[in-house]
Each structure stands twice: as structure tokens, then as C-alpha cells.
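Listed here are the chains, written in short residue letters.
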Amino acid sequence: MATPNYGYEKRQRELAKKQKKQDKLRAKTQRKPNDPQGSGPPADSQPIGDAAGAPDQPSSGAVPGT
């Protein structure tokens, strides 16, 4: 019977670990493309003053009806 090649198995585990780490990092950077350092508030949070229930407000700041 042949002896197991433990060095090969270890290298395969290391490569799999490295690949998994790269995939996780890539997924993390895709979730937050405009905040690569991870500092500051999350990108999906809104300031308290913004009302989520009023989407029909004009973005130009013009007063409607004038």
C-alpha cells in the first residue's frame, strides 16, 4: 500500500483556504463599493431627517405649483 502524501494534502487545504478568503474579501468589497475602509455609517442607512414615505418629492428643490 502507498503512503499518504501529507504535504500535498496540506497544500491543497492551504490553497482552498486562500481561495475562500479571497472570495469573502471580493464579496465584501462588492457589498460596499464606496466605503473600502469600512469606516463610517453603513451605505444603506438613511439620515433620520429623510422620510422614506415621501418618494414623490422633487429632487431639484423647486416648489411645486409655482
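Rules behind the numbers
- Residues numbered from 1 in each chain as written.
- Predicted model: local features only at pLDDT ≥ 70, side-chain atom pairs only at ≥ 80, totals over all residues.
- Heavy atoms only, no water.
- Salt bridge = Lys/Arg side-chain N within 4 Å of Asp/Glu carboxyl O.
- Helix = DSSP H or I, 4+ residues; strand = E, 2+ residues; numbered from the N terminus.
- Buried < 20%, exposed > 50% of the residue type's maximum accessible area, 1.4 Å probe, protein only.

Colleague: I keep staring at the pattern of salt bridges and nothing clicks. Help me out?
Modeller: Pairing of side chains with opposite charge becomes possible as their charged atoms draw close. A complete count under the given rule lists 2 salt bridges for this structure. In this structure, the salt-bridge partner of Arg11 is Glu14, at a minimum N-O distance of 3.9 Å. Residue Arg11 and its partner Glu14 are both found in helix 1 (residues 6-31); the two are separated by 3 residues, about one turn of the helix. Given a relative accessible area of 46%, Arg11 falls into the partly exposed group. Since its relative accessible area comes to 38%, Glu14 is described here as partly exposed. One salt bridge in this structure joins Asp23 and Arg26, with 3.0 Å as the shortest N-O distance. One end of the pair, Asp23, and the other, Arg26, are both in helix 1, 3 residues apart, so they sit about a helical turn from each other. Residue Arg26 is classed as partly exposed on the basis of its relative accessible area of 45%.

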